[in-house]
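# Survey of secondary and tertiary structure
Here are the chains, one letter per residue:
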Amino acid sequence: MSILRLTFLGTSAAQPTLHRNLSGLAVKANADLLLFDCGEGSQRQMVRFGTGFTVDAVFFTHFHADHYLGIIGFLRTLGMMGRDTPVQLYGPPPARRLLNQAVHLGVESLSFPVEFHELRDGDKVERRGYTVHAVGVDHRINALGYVLQEDERPGKFNLDKAKAMGIPSGPVYGQLQRGEPVTLPDGRTIHPDEVVGDPRPGRRLVISGDTRPCQSLVRAAREADLLIHEATFSDDEQARALETRHSTAREAAQVAREAGARRLILTHLSSRHDTDPSRLLTQAREEFKGPVEVAYDGLTVELPLRD
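Residues numbered from 1 in each chain as written. Predicted model: local features only at pLDDT ≥ 70, side-chain atom pairs only at ≥ 80, totals over all residues. Heavy atoms only, no water.

With 29 residues, the main nonpolar core has Val206, Leu227, Leu264, Leu266 and Val292 as its most contacted residues. At the level of elements, α7 (215-220), α9 (249-259), β14 (264-267), α10 (278-285) and β15 (292-294) are the ones that each hand at least two residues to this core. For this core, the leading source of residues is α9, giving six residues. Of all hydrophobic cores here, the second largest spans 28 residues; its members include Leu6, Ala29, Val125 and Leu144. (Core = buried A, V, L, I, M, F, W, Y, C linked by side-chain atoms within 4.5 Å. Buried < 20%, exposed > 50% of the residue type's maximum accessible area, 1.4 Å probe, protein only. Helix = DSSP H or I, 4+ residues; strand = E, 2+ residues; numbered from the N terminus.)

Spelled out as structure tokens, the structure:
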């Protein structure tokens, strides 16, 4: 997998504002296009920010209305566009019941199959080149965070060493890079570990969904390339964060620090921080010394390959 591109479709909590839509994140993972949550208006944001509509799967963190009602109109649009390939919908229980109701609201059938999957803490969905892991988190209702873990990548091919060993250039280089031994015209058998370095770790993207800070997320985000964590409130709203089972920006940063994440992006902002999230950013930076920023609708992030 070479492309791992994120586009924030919505970064507001609970209700849309003039500047921020409800929760939604589009992730381009090579040829796949995934959605994480699909708040009302997500499809318009996809048009606005140019993500395309060729979505393969949607992963819902939980079933509060601001995180999933956008799927109703989105699926109808796909039908009007003539889609005929299946769409996979994933989420915590009661995903099957709620999503089945939403999909069939106001229409008898769609022109393409919709397949429902319920996930629990520890479940994983294996896809080509990466795996999506479900992580139980701490919200008012059954909720999940998600980890997108890229597969290990082959080690670097040592071209100088290959030439010094007299290995002729051409297809044999590719075979060795893929982990296949080759037999040369002179009868020698060359094994990959002679010219290829150790496997390189894949990238790790972690999405908190709505949650209080929790150890399950700390473990999931260990050395993550990017942790996207909700930061609904600031320090002076701590009581409200506890009451609603959300996090403050400072708490999100503490999770990132404890996990040793490489980068933190804050999202799911209360409307009081709509146009000026500077307090959230300041409080987060007091706890986490790595790169940290506040997401905005349309923010696009490319995660580089690990060395």
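Next comes the rest of the write-up.
This paragraph deals with helix α3 (residues 70-80). Most of α3 sits inside the fold, with eight of its eleven residues counted as buried. Within α3, burial applies to Gly70, Ile71, Ile72, Phe74, Leu75, Arg76, Thr77 and Leu78. Positive backbone phi, at 85°, marks glycine 82, one or two positions downstream of α3.

Quick look at the UniProt feature "binding site: Zn(2+) 1" (unreviewed entry) in the chain now. The UniProt feature table records "binding site: Zn(2+) 1" (unreviewed entry) at His62, His64, His139 and Asp210. The annotated residues occupy 149 residues of the chain but converge on a single region, no pair of C-alpha atoms lying more than 10.6 Å apart. As for the largest cavity, its lining draws on Asp210 from among the annotated residues. Mapped onto the elements of the fold, histidine 139 is located in the loop between β8 (130-136) and β9 (144-150). The residues contacting histidine 139, other than those within four sequence positions of it, are His62, His64, Asp210, Thr211, Thr244, Arg245 and His246. There is a polar contact of 3.3 Å between the side chain of histidine 139 and the side chain of histidine 64. Examined against the element boundaries, aspartate 210 turns out to sit in the loop between β12 (204-207) and α7. For aspartate 210, the residues in contact, after removing those within four places along its chain, are His62, His67, Val137, His139, Ala143, Glu230, His246 and His268. Side chain to side chain, aspartate 210 and histidine 62 meet in a polar contact 3.4 Å long. (UniProt positions renumbered as here; feature names shortened; annotations may be inferred. 1 Å grid on protein atoms, 1.4 Å probe; cavity = no way out; pocket = protein on both sides within 12 Å on 5 of 7 lines; lining within 4 Å. Contact = heavy atoms within 4.5 Å. Polar contact = N/O pair within 3.5 Å; in protein donor to acceptor, adjacent residues only side chain to side chain.)

Side chains of β14 alternate between two faces, with Leu264 and Leu266 and Ile265 and Thr267 buried alike. By the bridge criterion, four bridges tie strand β13 (residues 226-230) to β14 in an arrangement that is parallel. Note that in β14 the partner of glutamate 230 across the bridge is threonine 267. Note: β14 against β15, three bridges, orientation parallel. Opposite leucine 266, over in β15, you have valine 294 as the bridge partner. In terms of handedness, the path from β14 via α10 over to β15 forms a crossover that is right-handed. (Pairing = 2+ DSSP bridges. Right-handed = clockwise from strand over helix to strand, strands pointing away.)

Describing an aromatic ring pair means giving the distance of the ring centres and the angle of the ring planes. Applying the stated criterion across every chain, the model contains eight aromatic pairs. Ring geometry for phenylalanine 36 against tyrosine 146: centres 5.7 Å apart, planes inclined by 55°, an arrangement best described as tilted. Of this pair, phenylalanine 36 sits in strand β3 (residues 32-38) while tyrosine 146 is found in strand β9, placing the two residues 110 residues apart along the sequence. Residues phenylalanine 36 and tyrosine 146 agree in their burial class; the two are buried. Look at phenylalanine 157 and tyrosine 173: their rings are 4.8 Å apart centre to centre, the planes differ by 40°, and that puts the pair in the tilted class. Taken together, the positions of phenylalanine 157 in the loop between β9 and α5 (159-164) and tyrosine 173 in helix α6 (residues 171-177) put the pair 16 residues apart, joining distant regions of the chain. Ring pairs connect the aromatic residues Phe36, Phe59, Tyr90 and Tyr146, which therefore count as one cluster. When the ring centre of phenylalanine 112 is taken as origin, the NZ or CZ atom of arginine 83, which lies over that ring, is 5.9 Å away. (Phe/Tyr/Trp six-rings, centres within 6.5 Å; stacked < 30°, edge-to-face > 60°. Lys NZ or Arg CZ within 6 Å of the ring centre and 35° of its normal.)

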